[in-house]
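These are the residues of each chain, in order.
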Amino acid sequence: MKEQLDKVLNNPKNFTLIKFLKLNEDQNLVQSFRTWADSYYGYNEGGCILFENYGEFIPEENKFSLSSHSVMLNTNTGEIFAFNTGRFSIFFKCNFIKSGTEDTNDLKQGYTFDCITDITELGDNWCFMDEFDNQKDELKWSFELTKE
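Calculation rules
- Residues numbered from 1 in each chain as written.
- Predicted model: local features only at pLDDT ≥ 70, side-chain atom pairs only at ≥ 80, totals over all residues.
- Heavy atoms only, no water.
- Helix = DSSP H or I, 4+ residues; strand = E, 2+ residues; numbered from the N terminus.
- Buried < 20%, exposed > 50% of the residue type's maximum accessible area, 1.4 Å probe, protein only.
- Contact = heavy atoms within 4.5 Å.
- Lys, Arg positive; Asp, Glu negative; His and termini not counted.
- Charge placed at Lys NZ, Arg CZ, Asp CG, Glu CD.
- Pairing = 2+ DSSP bridges.

Asks: Looking at this structure, I do not really get the overall build of the protein chain. What am I missing?
Replies: Regarding its fold elements, the protein chain presents seven helices and six strands. Reading the helices (α) and strands (β) of the protein chain from amino to carboxyl end gives α-α-α-β-α-α-β-β-β-β-α-β-α. Counting the 148 residues in the protein chain, one finds 47% classified as buried. In the protein chain, once contacts between residues fewer than 6 apart in sequence are set aside, the share between residues at least 24 apart is 60%. In the protein chain, which carries 14 positive and 25 negative side-chain charges, the distance between the mean positions of the two groups comes to 4 Å.

Asks: Whenever I open this one, the environment of Cys-94 confuses me. Can you help?
Replies: Here Cys-94 shows up in the loop between strand 5 (89–93) and helix 6 (96–99). Judged by its relative accessible area of 0%, Cys-94 falls in the buried class. Placed 74 residues apart in sequence, Cys-94 and Phe-20 show a C-alpha to C-alpha distance of 18 Å. Those residues in contact with Cys-94, other than ones at most four positions away along the chain, are Ser-99, Thr-101, Asn-125, Cys-127, Phe-132, Glu-138 and Leu-145.

Asks: In this structure, what is going on with the pairing of strand 2 (residues 63–66)? I would like to understand it.
Replies: The side-chain alternation of strand 2 yields two buried faces, one formed by Lys-63 and Ser-65 and the other by Phe-64 and Leu-66. Two strands pair when backbone bridges link them, and strand 1 (residues 34–35) and strand 2 are joined in this way by two bridges, in the antiparallel orientation. Considered in strand 2, the bridge of Arg-34 is made with Ser-65. Pairing analysis gives four bridges linking strand 2 to strand 3 (residues 69–73), with the strands arranged antiparallel. Bridging across to strand 3, Phe-64 finds its partner in Val-71. Where strand 2 folds back onto strand 3 in an antiparallel hairpin, the turn is made up of two residues, including Ser-67, whose phi is positive at roughly 55°.

Rendered as structure tokens:
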């Protein structure tokens with residue numbers, strides 16, 4: 001698991017997200033990085049929805065918990081393409097071509113149960129999941145982005 005975590009922490013595409021999630025080495029991230037199967041518990045509503053419902057078509061090997069967050073990542077590169085933080089705040093990297101939409105700040109601003117209202121600092125592609133109607137397809141397309 002440490003090798004996989006190193007891929008995540010050392011992938012430049014994750015640096016802004018790591019800062020946003022306030023992850024640092026002081027938190028002993030090695031201890032908190034687990035597969036979804038090893039960290040599953042029913043009280044993680046957002047993680048359950050992200051992994052079990054929206055991520056139904058994403059392989060189990062791409063689903064992890066990291067600290068108190070649920071993350072989906074490409075295990076070859078360590079790039080995170082979707083995450084849940086807090087009770088129910090789900091975000092993902094949108095494949096705008098397949099989604100048939102444009103990358104605008106409207107998709108990066110809103111309101112979640114956890115009072116997150118703006119993720120523009122995450123940069124290109126990141127969006128609020130609840131701005132989209134077909135989350136399962138959006139996550140499949142998002143995963144494809146990490147393979148390009």
